[in-house]
Amino acid sequence: MLPAEKSERLVRRIGYLALILMAIIIIVWLVGFIGRVTRMSLEQREVPEEERAPAAAAGRGT
């Protein structure tokens, strides 16, 4: 194998490794972003404790 072929193979492997690392970083970022957005939307939809308590007491029939 010629030295140029060895260096070409090394550069190609480094390029593939860089692409894989970028893909992993993007996936981790997306998972975190979706988790944050989901958590914030669920917190906004949550009924405050003060408003839940009377409804729960009325449902028991006491």
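Residues numbered from 1 in each chain as written. Predicted model: local features only at pLDDT ≥ 70, side-chain atom pairs only at ≥ 80, totals over all residues. Heavy atoms only, no water.

A.B. asks: Explain the overall build of the protein to me, using residue names and the numbers behind them.
C.D. replies: Along the backbone of the protein there are 2 helices and 0 strands. Burial analysis of the protein (62 residues in total) assigns 0% to the buried set. Element-wise, carbon and sulfur atoms account for 68% of the exposed surface of the protein, whose accessible area totals about 6000 Å². (Helix = DSSP H or I, 4+ residues; strand = E, 2+ residues; numbered from the N terminus. Buried < 20%, exposed > 50% of the residue type's maximum accessible area, 1.4 Å probe, protein only. Areas by Shrake-Rupley, 256 points an atom, 1.4 Å probe, with all protein chains shown as cover.)

A.B. asks: Could you give me a rundown of the pattern of salt bridges, with the residues and numbers involved?
C.D. replies: Taken as a whole and assessed by the stated rule, the structure comprises 1 salt bridge. Arg 12 is the salt-bridge partner of Glu 8, the closest N and O atoms lying 3.2 Å from each other. Note that Glu 8 and Arg 12 are positioned in helix H1 (residues 3-45) at a spacing of 4 residues, about one turn of the helix. (Salt bridge = Lys/Arg side-chain N within 4 Å of Asp/Glu carboxyl O.)

A.B. asks: An account of the packing of aromatic side chains is needed here, citing residue identities and associated values.
C.D. replies: What the rule picks out here adds up to 1 aromatic pair. Centroid distance Trp 29 to Phe 33: 5.3 Å. Interplanar angle 10°. Geometry classified as stacked. Here Trp 29 pairs with Phe 33, and both are found in helix H1, just 4 residues apart, close to one helical turn. For Trp 29, a relative accessible area of 51% gives the class exposed. (Phe/Tyr/Trp six-rings, centres within 6.5 Å; stacked < 30°, edge-to-face > 60°.)

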